Amino acid sequence: MKISRRLFLGGTAAALTAPWVNRGFAADDITIASIYDLSGGLEIYGQPIDACLDLAVSELNEAGGLLGRQIKVQKYDPQSNIQLYTQFATEAATSLQAATVFGGITSASREAIRPILGRYQTLYFYSPLYEGGVCDRNTFLTGSTPSQTIGQLMPFAVKNFGKKVYVLAADYNYGQISAKWVRDFTAQAGGEVIAAEFFPLDVTDFSAAIQKIQREKPDVIYTLLVGGNHMSFFRQWAAAGMAGQIPIVSTSFGGGNEHIVLTPAESDGVMAAFGYFQEIKSPANEAFVKRYHQKFGDKAPYVTEHASATYNAVHHWANGVRKANSLDRMAVIEAIESGSTVDGPGGSSTIDPKTHHCATDVHIGRVKDHSFEILESFANQPPADTAAICDLVANPNDNQQYVIQ
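Can you explain helix 12 (residues 329-337)? Please cite residues and give values.
Burial in helix 12 covers these residues: R329, V332, I333, A335, I336 and E337. Elements in contact with the buried residues of helix 12: strand 5 (123-126), strand 7 (139-141), helix 11 (305-324) and strand 14 (347-351). In the stretch just after helix 12, G339 is the one whose phi turns positive, near 140°.

In structure tokens form, the structure reads like this:
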């Protein structure tokens, strides 16, 4: 496995005025910011994330807040627009002077705002699962990475379905880099990626790809599609009479509630690996889901890994503030690095001080009737892919994303 460095370059973002309104914030409130897509095409990801952030903040406030103060969230909706992400990150760091920022869904949005928040020394939490490799002391990343999910899913797929793997992926850094990890973990499991195709997020016609898959006859399909890509592919796959004909595995399917929107005929049998499924049977998760629905109602969005990891991220930040007894950025960073564990809904989440990623439980689930059946679980999986290349203890000024070649 060869790793290279992709240095982080970015121009200074213009300090634009963001259309937000600060409603009812008291002078002594602790203000934090969230920047998540609540409209614009990626809202299916952003809405459960937003809800779980609200739940975590409300729990903290009901317990007395932090440092004897209440926490208020200034929300920004970038509407799936990268320019708005950069605008709002600048606003949160400068005019708002947020104690911390939780934000970004796609890796592209993360890499748009991460340098801005670093430049203005505003602590940043990125919670969605992603392709791995970010090494930045100002950033904590609480979602799962390839070694934790792909590293478990590919041995499972090769063992149960066969060695020939066909990859479909979104054509941006998440899909491109994750596909390389699929290739790597497939080879380690004794299999082979026989083809990989990449699709822009606005592609809706998968007829040519389906014909290629039918010709190649893979043993298993690995999908790293995102959002609307998934909806179009699975509907056309079923319409071609292929549903259930070739096993399909994924580390993105379900992250946008695709299994709920699609019909059982279109999605039953798809297998996914995540750090969290709402269906996990444990006292902690069942209590969490109950609190979630008590707050937001029975029609609240399905809780995805992105959302549960955001809930964990808020509590990791709170752990740091309590331990530091301060909102000072470096004091909070050092406090989190010295040991932060959250007993989250999906299991234990522990910050690794070397990488600022989390050791987390991982689960493999299979879709059945709009829900996931848990097939296997793996406790306390370390972020090994990033730990092999990032050491913020030894190199605290490292600030880049390492990628597999």
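A description of the packing of aromatic side chains should follow, citing residues and the corresponding values.
Evaluated as defined, the whole model comprises 19 aromatic pairs. For the pair F233 and W237, a centre-to-centre distance of 5.4 Å together with 25° between the ring planes defines the contact as stacked. With F233 and W237 both in helix 7 (residues 228-239) and four residues apart, this pair spans about one turn of that helix. Just as F233 is buried, W237 falls in that class too. One Lys or Arg, R110, reaches over the ring of Y126 and ends 4.9 Å from the middle of that ring.

Go over the environment of I333 with me, naming the residues and quoting the values.
Note on placement: I333 falls in helix 12. Look at I333 and you get buried, because its relative accessible area is 0%. Beyond its immediate sequence surroundings of up to four residues, I333 is in contact with L123, R137, N138, F140 and H356.

Describe the sheet that holds strand 5, listing the residues and the values that go with them.
Sheet architecture is open: five strands sit in the order 3-2-4-5-7, paired in parallel fashion. Edge positions in the sheet fall to strand 3 (71-76) and strand 7, since each has one partner strand and no second. Direction aside, neighbouring strands of the sheet carry axes that sit 25° apart on average. The sheet contact formed by strand 2 (residues 30-35) and strand 4 (residues 100-103) spans three bridges and is parallel. Each bridged residue has a counterpart across the sheet, and for S34 the counterpart in strand 4 is F102.

Explain the state of the cysteines residue by residue, including any values.
According to the stated counting rule, one finds one disulfide in the structure shown. Across the disulfide from C135 sits C390; the S-S distance is 2.1 Å. Handedness here is read from the sign of the S-S torsion; for C135 and C390, about 80°, the answer is right-handed. Here C390 lies in the loop between helix 13 (384-387) and strand 17 (399-404) and C135 lies in strand 6 (residues 134-136), a separation of 255 residues in the sequence. Classification of C135 as buried rests on a relative accessible area of 0%. Looking at C52, it has no disulfide partner, and the nearest cysteine sulfur is the one in C358, 15 Å off. Not engaged in a disulfide, the cysteine C358 finds its nearest cysteine sulfur in C390; these two sulfurs lie 13 Å apart.

Would you mind going over the packing of helix 11 against helix 12 in detail, with residue names and values included?
Taken N-terminus to C-terminus, the directions of helix 11 and helix 12 make an angle of 105°; their axes are 8 Å apart at the nearest point. On the basis of their axis angle, the class for helix 11 and helix 12 is roughly perpendicular. Taken together, the residues of helix 12 that come into contact with helix 11 (itself represented by H316, W317, G320, V321, K323 and A324) are A331, V332, A335 and I336. Along the lines of polarity and charge, the residues of the contact of helix 11 with helix 12 split into seven nonpolar, two polar and one charged.

For the pairing of strand 16 (residues 371-381), give the residues involved together with the corresponding values.
As paired strands, strand 15 (residues 358-368) and strand 16 are joined by eight bridges and run antiparallel to one another. In the strand pairing of strand 16, G365 is matched with I374. Linking strand 15 to strand 16, which pair antiparallel, is a turn of two residues; within it D369 sits at a positive phi near 55°.

Requested: an account of the environment of F288, with residues and values cited.
Structurally, F288 can be placed in helix 10 (residues 283-296). Judged by its relative accessible area of 1%, F288 is buried. For the pair F288 and N325, spaced 37 residues apart in the sequence, the C-alpha separation amounts to 27 Å.

The rules behind the values
Residues numbered from 1 in each chain as written. Predicted model: local features only at pLDDT ≥ 70, side-chain atom pairs only at ≥ 80, totals over all residues. Heavy atoms only, no water. Buried < 20%, exposed > 50% of the residue type's maximum accessible area, 1.4 Å probe, protein only. Helix = DSSP H or I, 4+ residues; strand = E, 2+ residues; numbered from the N terminus. Contact = heavy atoms within 4.5 Å. Phe/Tyr/Trp six-rings, centres within 6.5 Å; stacked < 30°, edge-to-face > 60°. Lys NZ or Arg CZ within 6 Å of the ring centre and 35° of its normal. Pairing = 2+ DSSP bridges. Axes fitted to C-alpha atoms, helices over the stretch in contact; angles between N-to-C directions. Disulfide = S-S within 2.5 Å. Parallel < 35°, antiparallel > 145°, perpendicular 65-115°, else oblique. Nonpolar A, V, L, I, M, F, W, Y, C, P; charged D, E, K, R; others polar.

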